[in-house]
Amino acid sequence: MTKFFTHLISGAALFAAMTAPAFAADPDLTETVADDYDYVLDIYKHFHENPELSLKEKDTASRLAKELDALGFDVTERVGDDWIQEKIRGDVGTIYEDVGGYGIVAVMKNGDGPTVMLRADMDALPLEEKTGLPYESQVMQQSYRGEDVPVMHACAHDSHVAILIGTARQLAQRKDDWSGTLILIGQPAEELGLGAMAMLEDGLFKNFPKPDYVLATHTSGWAPAGVISYTSGYALANVDSVDITIKGVGAHGSAPHMGKDPIVLGAQIVNALQTLVSREVNPLKAGVVTVGSFQAGFVHNIIPDEAKLQLTVRSYDDDVRKTLLDGIERITIAQALSAGLPEELMPTIEMQEDYTPSTYNDPEMTDRVMTAVGASIGEEKVITQPPSMGGEDFSQFHRYDQDVKTLIFWTGGAEADAFNEAVANKTELPPANHSPFFAPQPEEALKLGVQAMTAGTLELFDE
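Because the structure is predicted, anything quoted here is derived from the model rather than measured. Throughout this document, residue positions are counted from 1 along each chain, in the order its sequence is written. pLDDT decides what is reported in this predicted model: residues at 70 or higher carry local features, side-chain atom pairs at 80 or more are listed and counted, and totals for whole chains, interfaces and linings draw on all residues regardless. Values shown for side chains rest on all heavy atoms present in the structure; no hydrogens or waters enter the calculation.

## A closer look at the packing of helix 3 (residues 37-49) against helix 4 (residues 58-70)
Then step 1. Axis separation between helix 3 and helix 4 bottoms out at 11 Å; the angle between their running directions is 160°. In terms of their interaxial angle, helix 3 and helix 4 are classed as roughly antiparallel. For the pair helix 3 and helix 4, the sense of crossing is right-handed. For the pair helix 3 and helix 4, the contacting residues are Tyr39, Ile43, His46 and Phe47 in the first and Thr60, Arg63 and Glu67 in the second.
Then step 2. Its residues assigned to classes, the contact of helix 3 with helix 4 shows three nonpolar, two polar and two charged. Orientation is described by axes fitted as lines to C-alpha atoms, over the contacting stretch for helices, and by angles from 0 to 180 degrees between their N-to-C directions. Per the convention used, a helix needs a DSSP run of H or I reaching at least four residues, while a strand needs a run of E reaching at least two, with both numbered from the N terminus. When an angle is under 35 degrees it counts as roughly parallel; over 145 it counts as roughly antiparallel; between 65 and 115 it counts as roughly perpendicular; any other value is oblique. Note: crossing handedness is left-handed where the near helix turns anticlockwise from the far helix by less than a right angle, and right-handed where it turns clockwise. Any two residues whose heavy atoms approach within 4.5 Å at even a single point are treated as in contact. Residue classes follow a fixed rule: Ala, Val, Leu, Ile, Met, Phe, Trp, Tyr, Cys and Pro count as nonpolar, while Asp, Glu, Lys and Arg count as charged, and any other residue, Gly among them, counts as polar.

## Here's the deal with the pattern of salt bridges
Then step 1. For this document, the term salt bridge refers to a Lys or Arg side-chain nitrogen within 4 Å of an Asp or Glu carboxyl oxygen. What the rule picks out here adds up to 22 salt bridges.
Then step 2. Where aspartate 121 meets arginine 119, a salt bridge forms, and the shortest distance between an N and an O atom there is 3.7 Å.
Then step 3. Between arginine 174 and aspartate 177 there is a salt bridge whose closest N-O contact spans 3.8 Å.
Then step 4. Burial classification: accessible surface area is computed with a 1.4 Å probe over protein chains only, and a residue below 20% of its type maximum counts as buried, one above 50% as exposed, and the rest as partly exposed. The buried category is assigned to arginine 174, whose relative accessible area is 11%.
Then step 5. Each of Arg119, Asp121, Glu392 and Asp393 takes part in one network of salt bridges that share partners.

## Describing the nonpolar core
Then step 1. If you look at the biggest cluster of nonpolar residues, it comprises 53 residues, and the most contacted ones within it are Leu118, Leu184, Leu215, Ile228 and Met370.
Then step 2. In terms of residue count, the dominant contributor to this core is helix 13 (residues 442-461) (nine residues).
Then step 3. Residues in contact with isoleucine 228, not counting those within four places in the same chain, are Met370, Val373, Ile377, Lys381, Val382, Ile383, Phe409, Trp410, Thr411, Leu448 and Ala452.
Then step 4. We define a nonpolar core as any set of buried Ala, Val, Leu, Ile, Met, Phe, Trp, Tyr and Cys residues linked to one another through side-chain atoms lying within 4.5 Å. Counting residues in hydrophobic clusters, the runner-up holds 24 residues, among them Val281, Val313, Leu325 and Ala336.

## Considerations on the sheet that holds strand 18 (residues 405-414)
Consider a sheet: its strands pair through backbone hydrogen bonds, and that pairing is either parallel or antiparallel.
Then step 1. Note on pairing: DSSP must find at least two bridges between two strands before they are called paired. Strand order in this open sheet of eight strands is 1-2-6-3-7-18-8-17, and the pairing throughout is mixed. Here the strands that pair on one side only, and so sit at the sheet edges, are strand 1 (74-79) and strand 17 (382-384). This sheet shows a mean twist of 25° between the axes of neighbouring strands, independent of strand direction.
Then step 2. Summarising the sheet, strand 1 and strand 2 (residues 103-110) pair through four bridges and their orientation is antiparallel. Looking at strand 2, one finds that aspartate 74 is bridged to valine 107.
Then step 3. Lying on the sheet, helix 12 (residues 416-425) is in contact with strand 7 (213-224) and strand 18; it crosses strand 7 at an angle near 65°.

## Comments concerning the packing of aromatic side chains
Then step 1. Pairing of aromatic rings covers Phe, Tyr and the six-membered ring of Trp, with a centre-to-centre limit of 6.5 Å; geometry is then stacked below 30 degrees between planes, edge-to-face above 60, and tilted otherwise. One pass over the full model with this rule turns up six aromatic pairs.
Then step 2. Measuring from centroid to centroid gives 5.7 Å for phenylalanine 394 and phenylalanine 397, while their planes differ by 65°, and the two rings are edge-to-face.
Then step 3. Judged by relative accessible area, which is 0%, phenylalanine 397 ranks as buried.
Then step 4. Ring-pair connections join several aromatic residues into one group, and the members of that group are Tyr234, Tyr316 and Tyr360.
Then step 5. When the ring centre of tyrosine 39 is taken as reference, the NZ or CZ atom of arginine 169 above it lies at 3.7 Å.
Then step 6. Over the ring of tyrosine 355 we find arginine 321; its NZ or CZ atom is 3.6 Å from the centre of that ring. Only when the NZ atom of a Lys or the CZ atom of an Arg is both within 6 Å of the ring centre and within 35 degrees of the ring normal do we say a charge sits over the ring.

## Overview of the side chain of arginine 314
Then step 1. Looking at where arginine 314 falls in the secondary structure, it is placed in strand 14 (residues 306-315).
Then step 2. Here the positive residues are Lys and Arg and the negative ones are Asp and Glu; neither His nor the chain ends is included. Of the buried charged residues, arginine 314 lacks a salt bridge, with aspartate 240 as the closest side chain of opposite charge at 8.3 Å.
Then step 3. N or O atoms within 3.5 Å of each other form a polar contact, as long as, within protein, one can give a hydrogen and the other can take it, and as long as residues adjacent in sequence are counted only when both atoms are side-chain atoms. At 3.0 Å, the side chain of arginine 314 forms a polar contact with the side chain of threonine 312.

## Looking at unusual backbone geometry
Then step 1. Located in the positive-phi region is alanine 156, a residue other than glycine, with phi close to 70°.
Then step 2. Examined against the element boundaries, alanine 156 turns out to sit in the loop between strand 5 (148-150) and helix 6 (157-173).
Then step 3. A relative accessible area of 0% means that alanine 156 is categorised as buried.
Then step 4. Phi at alanine 189 is positive, roughly 55°, even though this residue is not glycine.
Then step 5. As for its placement among the helices and strands, alanine 189 is situated in the loop between strand 6 (180-187) and helix 7 (195-201).

## Points about the packing of helix 8 (residues 262-280) against helix 9 (residues 318-338)
Then step 1. Relative to each other, helix 8 and helix 9 sit at 145°, their axes nearing to 9 Å. When you trace helix 8 past helix 9, the crossing you get is right-handed. Judged by residue contacts, Leu265, Gln268, Ile269, Ala272, Leu273, Thr275, Leu276, Val277 and Glu280 of helix 8 engage Thr323, Leu324, Gly327, Ile328, Arg330, Ile331, Thr332, Gln335 and Ala336 from helix 9.
Then step 2. When grouped by side-chain class, the residues that make up the contact of helix 8 with helix 9 number ten nonpolar, six polar and two charged.

## Re the sheet that holds strand 12 (residues 287-296)
Then step 1. Spatially, the four strands line up as an open sheet ordered 12-14-10-15, and their pairing is antiparallel. Both edges of this open sheet fall to strand 12 and strand 15 (348-351), since each of them pairs with a single strand only. The average undirected angle you get between the axes of adjacent strands in this sheet is 20°.
Then step 2. Pairing analysis gives four bridges linking strand 10 (residues 238-247) to strand 15, with the strands arranged antiparallel. Of the residues in strand 15, the one forming a bridge with threonine 245 is threonine 348.
Then step 3. Along the sheet face, helix 8 touches strand 10, strand 12 and strand 14 and points at about 170° away from the line of strand 12.

## Looking at a nonpolar patch on the surface
Then step 1. Every patch collects residues that have over 30% relative accessible area and no salt bridge, joining them within 9 Å if they carry like charges and within 5 Å if they are nonpolar side chains (Val, Leu, Ile, Met, Phe, Trp, Tyr). Areas reported here follow the Shrake-Rupley algorithm with a probe of radius 1.4 Å; residue values treat only the protein chains shown as occluding. Together, Phe298, Val299 and Ile302 line one region of the surface with nonpolar side chains, adding up to about 380 Å² of accessible area.
Then step 2. As for its position among the elements, isoleucine 302 is in strand 13 (residues 302-303).
Then step 3. Here isoleucine 302 falls in the partly exposed class, since its relative accessible area comes to 41%.

## Some words on the pairing of strand 7
Then step 1. Most of strand 7 sits inside the fold, with twelve of its twelve residues counted as buried.
Then step 2. Pairing analysis gives three bridges linking strand 3 (residues 115-121) to strand 7, with the strands arranged parallel. Counterpart to methionine 117 in the pairing with strand 7 is valine 214.
Then step 3. Here nine bridges tie strand 7 to strand 18, and the two strands are oriented parallel to one another. The residue of strand 18 that forms the bridge with proline 224 is alanine 414.

See the structure below:
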C-alpha cells in the first residue's frame, strides 16, 4: 500500500467473527475455487519469488498478460508508459534500464450489460525478505533512481495479481452467468502513488470501455485469514507530504543572541501545528498533522542556519485537507515573523504535487457487493471496519470520473490463531504489511479473495 498504516479494526468483532461456525453458502463456487487453488498458488509463488519494484514490473506484467490472453481476453500492454516516462524524466533526469509504465488492460465482451473493471496492483517494495518461506524472495534490483536494493512483496501485491488471475479463470468459465463487459487491469507503481493516474492519463477510460464499477481487494495483515472486511463511504485518507525549510542565522552556541536559531523556531512551528486539528477542524471530522522528520545542525556548540521538517498530512474531506494545508503555511510564516526574521529569510513550504486522494467506497455498490460476498462465503465471515488514515491510489479511479463507482475491500491474511490470541491478550499483532517478516496465509487469502471477487463481480453484472 502506498503509505504504511495500521487498520483500526475492532479486535472484539474480529475475534467473534473467527469463532463463529463457518459454512460454505455457495458450494458450487467454493468447490470450483478450491479445484483451481493449486494453479493460483503456483502463480502466487512465482510472483512472490520474482518481485519487481515500482516502474520495473516488466516480467510481472508480461506473465499477467500471457495468463489473460490465454483465457480469451483482448490484452493491451504498457498502458501508462508515456505518462510515466515524461514524469520520471522530470523527477530524476535519467531513465534507468527497464523503467516504464507497465499497465495491463484486458477486455472481455460478453453481450449487453454493465462494464465492470477489476484492479490488481503489481509492484513490490525495497525490503529484504525475512519470512523464511521456501519461496522467499532473493531478488536484488535497480530502482528507477538507479539504486541497487533487495526486493520483496511485503504489501501482498503478489497475492492481488494471483487473485485477479484466479477470478479471471472463474469468470471465463462462467460466461453463461454474466452479461456485459469485463475489464481487468494490472496496475503498476501503486507504492509510489503514480500507477493509477498514469493509466488514466494514458486513456484508460477513453481508449477502453469506460467502467460503471471498479472493484479491488487488498490482502491485509491487520485482519485474520478467513475474514473479508470493508468500510462504506470514506475508507482511506487524503495523504499529503509537506517539506518545510526553516532559515536562520548561524552563531556559536555560547552566543545565541548573535544569530537567529532555526531549531527553536522549528520547535515552535511543530507545537503550533498541533492546534490545526484540535482547534481548527470540526471535532466530528478527521485530520492528522504529523511531523515525521526534524533535521538541523551537526555539532553540539553551533547554531545552524537552517532546519528542515517533513510532514505527513491526512484527511478524508477535501475541505479539511485545505484547512490543514493552508494552516501549515500560515502558521509557519507567522512563527517566522514572530521570531523577527526578515522577508528574505522566510521559510519555504513545499507541498508535494503527487498526493494520494481519499478513497470513497460507493455505499450502494458496497452494500450490493458485500451482501453478495456474504451470501457466497458465509455472512459471519464478512465484517465492517472503521476508516483508515492509510492511503491508496485506487482512489484515483473515482476521482478521475465521479460517475465511476468504486469499492476496495480487505481480504484477511494474518494467521488467525496468532492474530486472535494477540487481540484477546492485547499483545503485539503478528507482522503485517510493509514488514520484512510479513507474508499472508496463502490458502485462506487466495481462496477467499478469488471467491469474494468472483461473487462481487457477478453481482455487479446482475442488473
